[in-house]
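The chain contents come next:
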Amino acid sequence: MTSPAAVPRRVRRPDWAGRNYVLLTAAAIVTNVGTHGALIASAFAVLQSGGDGGDVGMVAAARTLPLVLFLLIGGAVADRIPRHHVMVAANALNCLSQGAFALLVLTGDPQLWQMMLLTGLGGAGQAFFNPAAEGMLLSSVSGEQANRAFALFRMAMHGASIGGAALGGALIAAVGPGWVLAVDAVAFAFAGALRAFLDVSHIRPREPGGGMLADLREGWREVAGRPWLWSIVAQFSVVVAVVGAAEAVYGPLVAQDELGGAAPWGLALAAFGVGTVVGAFVMMRWRPRRLLLAGTLCVFPLALPSAALAVPLPVAGLAAVMFVSGVAIEVFGVSWMTALHQEIPEEKFSRVSAYDWFGSVAMLPLATAVAGPVESLVGRREALWGCAALVVVVTAAVLLVPDVRNLTRRTREVAKTDGALAVSADAEGAPGRLG
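Definitions and cut-offs
- Every residue gets a number counted from 1 within its own chain, in the order that chain's sequence is written.
- Given that the model is predicted, a residue must reach a pLDDT of at least 70 before its local features are reported, and side-chain atom pairs must reach 80 or more before they are shown or counted; all residues, however, enter totals for whole chains, interfaces and linings.
- In computing side-chain values, all of the structure's heavy atoms are included and hydrogens and water are not.
- By the criteria applied, helices consist of DSSP H or I runs no shorter than four residues and strands consist of E runs no shorter than two, each listed in order from the N terminus.
- For the exposure calls, accessible area comes from a 1.4 Å probe over protein chains only, and a residue counts as buried if that area is under 20% of its type's maximum, exposed if over 50%, partly exposed in between.
- Two residues form a contact once any of their heavy atoms are found within 4.5 Å.
- Every accessible area reported is derived by Shrake-Rupley at a probe size of 1.4 Å, with residue values counting cover from the shown protein chains alone.
- Side-chain atoms alone can form a polar contact between residues adjacent in sequence; in general such a contact is a pair of N or O atoms within 3.5 Å, and within protein one must be able to donate a hydrogen while the other accepts it.
- Here, nonpolar core refers to any group of buried Ala, Val, Leu, Ile, Met, Phe, Trp, Tyr and Cys residues whose side-chain atoms link them within 4.5 Å.
- In this analysis an axis means a line fitted to C-alpha atoms, helices contributing only their contacting stretch, and an angle means the value between N-to-C directions, from 0 to 180 degrees.
- Here the angle decides the label: under 35 degrees means roughly parallel, over 145 means roughly antiparallel, 65 to 115 means roughly perpendicular, and every other value means oblique.
- For a crossing to be left-handed, the near helix must be turned anticlockwise from the far one by less than a right angle; the clockwise case is right-handed.
- Amino acid classes used here: Ala, Val, Leu, Ile, Met, Phe, Trp, Tyr, Cys and Pro are nonpolar; Asp, Glu, Lys and Arg are charged; the rest, including Gly, are polar.
- Pairing of aromatic rings covers Phe, Tyr and Trp, the last through its six-membered ring, and needs centres within 6.5 Å; plane angles under 30 degrees mean stacked, over 60 mean edge-to-face, and all others mean tilted.
- An expected span of 1.5 Å times one less than the residue number is assigned to each helix.
- Think of it this way: the bend at a residue is just the angle between two axes, each fitted to seven residues, one set ending at that residue and the other starting at it.
- Take a side-chain nitrogen of Lys or Arg and a carboxyl oxygen of Asp or Glu: if they are within 4 Å of each other, that pair is a salt bridge.

Undergrad: What am I meant to see in the overall build of the chain here?
TA: Counting its secondary structure elements, the chain contains 16 helices and two strands. Looking at the chain residue by residue over its 435 residues, the buried ones come to 52%. For the chain, the share of sequence-separated contacts (at least 6 apart) that also reach a separation of at least 24 residues comes to 87%. Split by element, the accessible area of the chain, about 18800 Å² in all, is 69% carbon and sulfur.

Quick look at the structure:
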């Protein structure tokens, strides 16, 4: 007779990790492994075909521009039809575009316009996917445990991103960029198949109403009527732009001229990635009562990498600064997602997410484009100190908004179902929906 101790116990997942959450996390891991390898592979594919740094930049811009142009439409579409349909369709487009890109690289001599076109299709797919995916994730966890769920999701994504970049670099060296692009296409196909099994029965069908413009106006009213929301979106339009310019343009130049080349910069970026994983782990255990106050205070350290590059600090110091900024941005990111989950009506998740994404990335192409001329005009060190100062100034300005300082976590649920958004009761005198 087998003793009870010898019978293996079935691993039980946490109550907050419902079926949708598990599927979304698994699919995100798959796509992040593939995509972060493919980002490196696309650059090497351009160079392998005879292109230069300018051509690499044009291919990257071809991906960003459709992302910016179609984000708001993607958000409206994702709140109008079942979100998992939008996600699967976007994954299918990304699969086909990456597959065609891989085929061109493996079998011929890809032209710059062809690579730009296929990359642009991928960017358009992401413009529809991102708001739908964030809306689906926000609706997949319960209110009380949202902080932990979002932290674990982001930790899994960042871990997959780090692994994908490392694996992609090794595969490019071993078999070439074409096969890495092909792996990414397969990853999109597999992730799309997982997302096809998402359950949206808990999401109320949309009432018949106006058209696309009416949906966009309604989403804008949701953003504009909440000072904490529009002020932080405006803040991050500047923060993402200047941090992106510092890290995409000035960082590699400082590394090449003063730190010894690409390897030290790669080490610094890896330290940032490790910091994001650690930050997400911290947020699985820490649940700050004043969500946005804690998150916004952690935006100040994002000024440190620009300052470190301006000095410049030795490699060890730069890596330490990048690690701290990685931890800090995760504290903000989890707090921000938790605030959206708590305060925004479920039927408007994707539209609000689209405005959030749009505000965050809209100025990035301009910032990276003018980084070179600004350096020529004022000098690289001065430009980097300017980046650091802008992060500090706009973050301090956001703290002047009372709702940012006072938005309080709700801690008591009144309803919970597997995979469904729960209704939370206010606790400890917390305000209701702001705005």
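Undergrad: I would appreciate a short explanation of the side chain of Ser-237 in the present structure.
TA: Relative to the elements of secondary structure, Ser-237 occurs in helix α8 (residues 227–259). Ser-237 sits in the buried class, given a relative accessible area of 12%. Here the side chain of Ser-237 touches Ala-234 through a polar contact of 2.5 Å, landing on its backbone oxygen. Not counting residues up to four positions away in its chain, the partners in contact with Ser-237 are Gly-359, Ser-360 and Met-363.

Undergrad: Explain the nonpolar core here, please?
TA: If you look at soluble globular proteins, the nonpolar side chains tend to sit buried side by side. Core analysis: the biggest nonpolar cluster contains 90 residues, and Trp-228, Leu-229 and Trp-336 have the highest contact counts within it. Counting residues per element, this core draws most heavily on α8, which supplies 16 residues. Apart from residues no more than four positions distant in its own chain, Trp-336 is found in contact with Trp-228, Leu-229, Ile-232, Val-233, Leu-292 and Asp-356. Core analysis: the next-biggest nonpolar cluster, separate from the first, contains 14 residues, Ala-38, Val-46, Val-59 and Val-105 among them.

Undergrad: Help me understand the environment of Val-278, please; the structure alone is not making it clear to me.
TA: Among the secondary structure elements, Val-278 is positioned in helix α9 (residues 262–285). Here the alpha-carbon distance between Val-278 and Phe-323, two residues 45 residues apart in the chain, equals 9.0 Å. Look past the residues within four positions of Val-278 in its chain and what remains in contact with it is Phe-323 and Val-327.

Undergrad: Would you take a moment to explain the packing of helix α3 (residues 83–107) against helix α4 (residues 112–138) for this structure?
TA: Packed helix pairs are characterised by how far apart their axes lie and by the angle those axes make with each other. Contact geometry of α3 with α4 gives a least axis separation of 8 Å together with a crossing angle of 160 degrees. In terms of orientation, α3 and α4 fall into the roughly antiparallel class. As α3 runs across α4, the sense of the crossing is left-handed. Split by residue class, the contact of α3 with α4 holds 15 nonpolar, 10 polar and one charged.

Undergrad: In this structure, what is going on with the environment of Arg-221? I would like to understand it.
TA: Secondary-structure assignment places Arg-221 in helix α7 (residues 212–224). Judged by its relative accessible area of 54%, Arg-221 falls in the exposed class. Measuring from C-alpha to C-alpha, the distance between Arg-221 and Val-352 comes to 9.6 Å, with 131 residues separating the pair along the chain.

Undergrad: I tried to follow the packing of aromatic side chains on my own but got confused; where do I start?
TA: For any two aromatic rings, the description comes down to two numbers: the centre-to-centre distance and the angle of the planes. In total, this model carries five aromatic pairs according to the counting rule given. Joined through ring pairs, the aromatic side chains of Trp-228, Phe-236, Phe-332 and Trp-336 make up one cluster.

Undergrad: Even after reading the chapter, I still don't get helix α14 (residues 364–378), so can you show me in this structure?
TA: Working note: α-helix, 3.6 residues per turn, so residues spaced by three or four point in the same direction. In this model, α14 (15 residues) spans 20 Å end to end at C-alpha, consistent with the 21 Å of a helix rising 1.5 Å per residue. Its axis deflected by about 40 degrees at Ala-371, α14 carries its strongest bend there, up to four residues before the proline Pro-373. Looking only at α14, the buried set comprises Ala-367, Ala-371 and Glu-375. Contacts from the buried residues of α14 go to α8 and α15 (380–398).

Undergrad: It is not clear to me how the side chain of Asn-94 should be interpreted in this structure. Could you clarify?
TA: Relative to the helices and strands, Asn-94 is located in helix α3. Filtering out sequence-adjacent residues up to four positions away, Asn-94 remains in contact with Gly-122, Gly-125, Gln-126 and Phe-188.

Undergrad: Would you explain the pattern of salt bridges in this entry?
TA: Between side chains of opposite charge, a pair can form as their charged atoms come close. In total, this model carries 11 salt bridges according to the counting rule given. Asp-79 is the salt-bridge partner of Arg-83, the closest N and O atoms lying 2.8 Å from each other. What makes Arg-83 buried here is its relative accessible area of 4%. The exposure class of Asp-79 is buried, given its relative accessible area of 5%. Among the salt bridges present, the one from Asp-215 reaches Arg-80, with a minimum N-O distance of 2.6 Å. Of this pair, Asp-215 sits in helix α7 while Arg-80 sits in helix α2 (residues 53–80), placing them 135 residues apart in sequence. Through salt bridges with shared partners, a single network forms among Asp-79, Arg-80, Arg-83, Asp-215, Glu-218, Glu-222, Arg-226, Lys-348 and Arg-351.

Undergrad: What should I look at first to understand α8 in this one?
TA: At Tyr-250, α8 shows its maximal bend, which comes to roughly 40 degrees, and the proline Pro-252 appears one to four places after that position. A positive backbone phi angle near 110 degrees is found at Gly-260, which sits one or two residues after α8.

Undergrad: Explain unusual backbone geometry to me, please; I cannot follow it from the model alone.
TA: Leaving glycine out, the prevailing phi sign among residues is negative, and the prevailing peptide bond configuration is trans. Along the chain, Val-311 connects to Pro-312 via a cis peptide bond; the corresponding omega equals -15 degrees. Position of Pro-312 relative to the elements: it lies in the loop between α11 (304–310) and α12 (315–343).

Everything listed is a geometric property; what it means functionally is a separate question.
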